[in-house]
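As a plain string of letters, each chain reads:
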Amino acid sequence: RMTSVLGSAVPSEDDRKSVSDEMIKIVMEAGYSLEEVTLRQFIRWTRRAWADYSHGCSGDSEDGWRNLLRQHAAILFSKFRTPKTIADCQIPEGLEVVQHQPGTVRFSMYGLSRSVPGELSRSPLFAEDIQKLLPKRFLRTLVRLVFALFPKEPASGSSCKGSFPLPEPVLLMGPTSYKSLLVETLARIVFVNWQYALRVIPLSPKTETDTIIGALQPFTWRRLLLYIAVVIRNAAAAAITTSPDFAALVERLTTTCEKLERAYFSQQKTKATEAEHGIPKESQQKAGAVDAVSALLNSIAEAERTLVKEIREVREGLISPHLQALARNFPETEEKYEQHKQLYWFRASPLVEAVHSGGLVELQDMNLVNSANLERLNSLLEVDPVLTLSEDPGSRAEGVTISRHFWVVATVRTRGGVATPEVAEPFASRMTTILAEYDDCELANVLEIAARLEIRASHLSFDEEKAVKSLRVLHEGYRNIRTSSDRQLAMGELTVSQLVRWPLFLRVRFHNAADDAIEAALLLGLRFLIFDSLPSTGASPDLIKEISNQLISQCLPKASVAWVFDTPAEEDLNVPYRHEKATNTIFLSYLKIVIPKSGSVAGLPAHSELQMVPSLLHNLARGLCAFYTGLPLLLSGPCATGKTVCVKELVRLMGGTVVSIHCSGDFTEHEFKGSFVPVANSFDWQPSVLVEAYCTHANGVASFITDTPLNPKPKAVVLLEDIDQVEAAVQLFLLPFLDPRREVLFLEGQASPVNPRSIILIATCTTTDLSSAAMQTVEGHFMESRMDILSTWELSVILSHLLLTSISDNLGKLLHSLHHELSKKFDQGLATFNLRDAIKFCDLLRSLGVPGRCSCSPNLLVGLSALLVYAEGHPRLQDRETARKFILDKLRELGILDVKKEQLFPAEVSRGSKIFGHIQLVEGDLGAEPEGLEDREGPDTFVYTWYSARLLQIIAMMSTSRRMVVVEGPTCSGKTEVLGELAVLFRQKVLTVSLHSETEVSDLRGGYAALIVDNTEPCSEELNVIVGQLLKHMTHKEIMDFSAELITADGSAGLLQATVSQALHQRDGPSGELEHPTTAQQSLLTAPTAADDDEGQLLELQRTSWRATVDAVRTRVKCHASDLLEPLEDLIQRQNLERHTFFAAEGPLLRAIREGLWLILENLNLAPPLVLSYLRPAMEGNLTPEVCKAMRLDVREVHPNFRLFATASPSREGSNPLPPAVLSSALRVCVSSLDEALRGIHQEPTPSHSPADAAPEREWLREHLKAVVQESLPGTLAAAAEPFIQLHKALLAKGRAVELPEGFEVTFRTLHHALTAVAASQDPHGEVEEILQSCYGTVLPKPSQWKEAPIRGLVENLQASLSGAAPC
């Protein structure tokens, strides 16, 4: 193998054997086994050594070449970090990174050096006072990286075979944040525009081959221009040169791309505004106004022309041959696009772009990718790399020419020096492994470097030396306390990631804390960033308080900063915000953090609309720190602990906007990145809501602290709710957004980078175990905040505040008692009430308290609201009865409601009435339909009883709050029927959507539907020419017959009549012109009629008519002019290539919101989690145009009559329990099946309650069941109602006792089938037994079983009741 590598460089076989033996000897001395060193490593080792040997680096000594092998082994192999072989040779380490000369940096170690084009001054780490702090291990790793990526070429005249000047692929293993810092440092040194030359590709278990290599993608003209311009820009940025041509090209292309994207997004917004206001563009132009639309269109056209010019004028030698060929073929590409209006182009991945044109590629977390997808890179990672792009139809068969400036570094995260999972052996053996490690004793230097860089980059006015000294003292104190035996288990070791983020807290501003501002900021960072991330099981609040006091007394005895670890005082809760007029600043009373608000602060109220409690105030302080530092914030805790409320309050304080994304278990990378969607007659890239938020709000803020003191620019907040529901592998796509030091961020589908530092990312999760599998991916990247369940005192204060602000009546005592005592009573698995239930209670009080809506007393209103929220949502019947009894007792005990005087649900509900018991329908409740009450289509099957009237009243009252109402109950419990009846009473139109496990968001929101359009008009011209030639071969009679055939075909008669008439005129003069039999009859192609209402039907008629016309022409051509057959067939073939286009199909949700309809979602518990998470804003009833926009709903205004209802059946096969997030957002009413009435009869109602209010639900059901059965039978058969019920009850019991076939169940629906058959029978008495056997035959399949007692007696009783009935 060495012969093939070195060729004749080592002339004799003995010399080659001597070198080989020496290499094996060095490997053995270093402690390796021969199995650990692969043949590829031997080859790379040989090539490195030979390149230096050819330049005379071995010296004149006889052992020079042996020392050269040892020197390179010390750099190449990880076990040579302190090698015995180096010490024996007395070779000093000589570690050095210096600016050798302008434009060249020299990296030296163990007597060897590599010179690399670049400038050390581009990296802030190599500033004069910071470079001396760099840890030696960091520099060693950087030098090893350079030796692998920048190989030395053999001296000219040496006869070495192979392509060993090519860089080696590197596998960089180390802790989080350390590896990327190394790669970024090298990129800054080498490249002028390092942001474009360094391509970072985050990998995950979900990564597919198209992410690594590329794939064919559809392109619009704009996206194609941007893509090609970006490829050329990145190639120019990756060039190893200082030529001004490259920098100028990068600047021009970047500016033009940004201009084009900015204009395009503005155009989209303007189009949306036009659509909202209904302003046609033509009317603006007629008025002669040069409006914004025209200016934007001109801007887009100018940017496109500039890009086309730049692409066509790419000079030879400026970029790679691949891109030069792309530029040469660009006119042809432009022509193809003009012809087809859509191009499918191979979009190369950043890796393949770098293979073509050069650049540094970082493959992050390579060990997470499926090995099958990485197999595609095997040939590229070889010692002599090759790459064939089989995915690219235009690629050369012999493969891609690999740039000599292509560098690839794959990173692997290690914990404790171990990678989990391990890198697959086929890939590890192909790459040069470098360990990026650090020593604990060097962490203090890392911390000082991070602090100095932060102070300089953010232009902080601190005393830099004082800040660095305080930081070192606190770090040393923390480590000393941790090493004590009783603290080590509770306190974790500080990681590099925590250390580099700790100095970010120096940006936090405090009110009147100038003397101790540095110490306060650092302690706040220690508290929020480190102490709050400690496991709650090991670090109790008391222990943290003790540690903090010890730390302050030991490290900062002179500073008065103990208040940093205080808890909120009562004064802080009463007045959470304070305004100092002298400095015109507002600050948080707790911890004195200044609120960075842009513009005037006079409009910010000192008292929040929220009731402050310690946990909320504490997390507001964390949120303000997130705004200052740019750190992503993770709020963890159970449902209804104030996580979302805290975020909304932060946004209110900062004056920014919030973009909410409700996560679910169905989330894929497309929800975070975007996807292709059909638009008109093509596909275009649609960014995700996350990407769109960054493109819209990341406005290029250069620093968090602006020139105005204490006043950073406002930021937008992206809120990821329930992030723990997202699969861990998908969470990896968030990692690029979680780095607070990232200056630029390249988003999928966008040509221009954005500045992510003006966006704050906040996530919420319901799990408190942040080390769980669901959170282990991103847990270490957030500033964490755990929110515990609200204490009794906190909840009491909040509830009282909610009541005071909602109905201005002091009912806090009632609500507090109801909430807590019910929670305690139902704590044994029946129900758990939280703050959101109390908010629902207040919402109902507010909505029912609208003037004119309620005819009852305020106290009765309280009782009704309490029953709706705290009683009607229990799934089990006995739980509902228990809760009702408890609430009524409590109301009487507190003297709020005397249930003996007023009925809660009077039976005053009927069609045509606006009265629902105590509820009066007010303006806005009723729909605009004049009909709807008496003219409802279909039979009137709804039966009014006290039970059904009560259920109508409950749902009607719930719907006034605008929250989604979920009617939950078993099959055949009348859920959909009661909602339909309520819609009739409210005069509302209803849309019903049945959900299932395969339902997608687009099924509700709407999307694009495919439409096939015949391209008949361009073909009709050619058809006219053929017909004109055909007519020359035909007689007058034949032409008349042919004309009649064309009129019969009808599709293109109008298009061909002129040709026929002209032929007759030329032959017979004016008298021979064709007279149309029906002048009014015209072609569908020229004058469509009513078919316009159905575009799909119209197009189908067009295709049918065209084919009939063409068939008529073909028949005549075969008879009279066979020479025209070939061009006709060619025309037909081209026309049959139908063009696909897409039109926007409006979904039921969008239509209901726009038109004010009622939307009923059946089987909500069958819907996938992604659909449920999408519907969360609608469930909470807070739909606004802004919220609809985030939901991808094009709505100008939410119609006030829109309501959302849902049904759920837990007993249905495949159903899932409704998640807590849905139950806490919606109002739920549970109903029982009518069969529940037959399971047992309550003896007597409780004496202390009125019968109508306190009667058990089974009594209500039994009365309703009897009424339904009577209503199902004609008047002459009404006497059979009770015998039918008794027989059904007996058969129901039989059905539960036997094993029924799968999918079969005896329910009230079985009885209903029997009732319907008997009512329609001509002989009810004679046929009833046969009907029963047909409906209940699965329960009693044998005829003999119907003669057994007691069934026989019940059947005879039923026959007797039918004996006198007249036939139907």
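Heads up: the structure comes first, above all this text.
Below: a short report on this structure. Quick caveat: nothing in here was measured; it's all calculated off a predicted structure.

Here the focus is the overall build of the chain. Secondary structure assignment for the chain yields 54 helices and 29 strands. Going through the 1368 residues of the chain one by one, you find that 55% of them count as buried. Summed over its atoms, the accessible surface of the chain is roughly 59100 Å², and 50% of this surface lies on carbon and sulfur atoms.

A few words on the pattern of salt bridges. In total, this model carries 39 salt bridges according to the counting rule given. For Asp-52, the salt bridge goes to Lys-152, with nearest N and O atoms at 3.0 Å. In this pair, Asp-52 sits in helix H3 (residues 39–54) while Lys-152 sits in the loop between helix H7 (136–149) and strand E4 (170–174), placing the two residues 100 residues apart along the sequence. Look at Lys-152 and you get partly exposed, because its relative accessible area is 24%. Each of the salt bridges in this network shares a partner with another, and the network as a whole consists of Asp-129, Glu-448, Arg-452, Arg-456, Glu-464, Glu-465 and Arg-472.

All right, on to the environment of Tyr-196 then. Here Tyr-196 is to be found in helix H9 (residues 194–197). According to the relative accessible area criterion, Tyr-196 is buried, its value standing at 12%. Expressed as a C-alpha distance, the spacing of Tyr-196 and Asn-234, which sit 38 residues apart in the sequence, is 5.2 Å. Contact partners of Tyr-196, with chain neighbours within four places excluded, come to Arg-233, Asn-234, Ala-237, Val-250, Thr-254, Phe-746 and Pro-753.

Following both chains from N to C, one finds helix H33 (residues 835–848) and helix H34 (residues 858–870) inclined at 140°, their axes separated by 9 Å at the closest point. Taken as axis vectors, H33 and H34 run oblique relative to one another. With respect to the hand of their crossing, H33 and H34 are arranged in right-handed fashion. The residues of H34 that touch H33, namely those facing Asp-837, Ala-838, Lys-840, Phe-841, Leu-844, Leu-845 and Leu-848, are Leu-861, Val-862, Ser-865, Ala-866, Leu-868, Val-869 and Tyr-870.

Reading across from one edge, E24-E27-E28-E23-E29 is the order of the five strands in this open sheet, with parallel pairing throughout. Each of the sheet's edge strands pairs with one partner strand only, and the pair in question is strand E24 (990–994) and strand E29 (1227–1230). If you compare each strand with its neighbour and ignore which way they point, the axes differ by 20° on average. For strand E27 (residues 1158–1162) and strand E28 (residues 1203–1208), the ladder comprises four bridges, and the chain directions are parallel. Counted as the bridge partner of Ile-1160 is Phe-1205 from E28. Against the sheet, helix H36 (residues 946–959) makes contact with strand E23 (965–968), E28 and E29, and its axis sits at roughly 175° relative to E29, the strand it touches most.

Turning our eyes to something else, we now look at the pairing of E23. On E23, burial covers both faces: Val-965 and Val-967 on one face and Val-966 and Glu-968 on the other are all buried. For E23 and E28, the ladder comprises four bridges, and the chain directions are parallel. Residue pairing for E28: Glu-968 is matched across the bridge by Ala-1208. One ladder, built from four bridges, connects E23 with E29; its direction is parallel. Bridge assignment links Val-965 to a residue of E29, and that residue is Leu-1227.

Among the secondary structure elements, Leu-112 is positioned in strand E3 (residues 112–117). The spatial distance from the C-alpha of Leu-112 to the C-alpha of His-72 is 8.1 Å, given a sequence separation of 40 residues. Apart from the residues lying within four places of it in its own chain, the contact partners of Leu-112 are Asp-52, Leu-68, Gln-71, His-72, Ile-75, Phe-107 and Phe-147.

In this section: the packing of aromatic side chains. Across all of its chains, the model carries 19 aromatic pairs by this definition. Centroid distance Phe-986 to Trp-1158: 5.3 Å. Interplanar angle 50°. Geometry classified as tilted. One end of the pair, Phe-986, is in the loop between helix H37 (975–985) and E24; the other, Trp-1158, is in strand E27, and 172 residues separate them in sequence. Judged by its relative accessible area of 4%, Phe-986 is buried.

Among the nonpolar cores identified, the biggest contains 193 residues, and Trp-502 and Ile-593 are the most heavily contacted of them. For this core, the leading source of residues is helix H11 (residues 221–237), giving twelve residues. For Trp-502, the contacting residues outside a window of four places in its chain are Leu-447, Leu-471, Leu-474, His-475, Leu-494, Leu-522, Gly-525, Leu-526, Leu-529 and Ile-530. Core analysis: the next-biggest nonpolar cluster, separate from the first, contains 86 residues, Cys-856, Ile-954, Val-1229 and Leu-1332 among them.

The rules we used
- Residues numbered from 1 in each chain as written.
- Predicted model: local features only at pLDDT ≥ 70, side-chain atom pairs only at ≥ 80, totals over all residues.
- Heavy atoms only, no water.
- Helix = DSSP H or I, 4+ residues; strand = E, 2+ residues; numbered from the N terminus.
- Buried < 20%, exposed > 50% of the residue type's maximum accessible area, 1.4 Å probe, protein only.
- Areas by Shrake-Rupley, 256 points an atom, 1.4 Å probe, with all protein chains shown as cover.
- Salt bridge = Lys/Arg side-chain N within 4 Å of Asp/Glu carboxyl O.
- Contact = heavy atoms within 4.5 Å.
- Axes fitted to C-alpha atoms, helices over the stretch in contact; angles between N-to-C directions.
- Parallel < 35°, antiparallel > 145°, perpendicular 65-115°, else oblique.
- Left-handed = near helix turned anticlockwise from the far one by under 90°.
- Pairing = 2+ DSSP bridges.
- Phe/Tyr/Trp six-rings, centres within 6.5 Å; stacked < 30°, edge-to-face > 60°.
- Core = buried A, V, L, I, M, F, W, Y, C linked by side-chain atoms within 4.5 Å.

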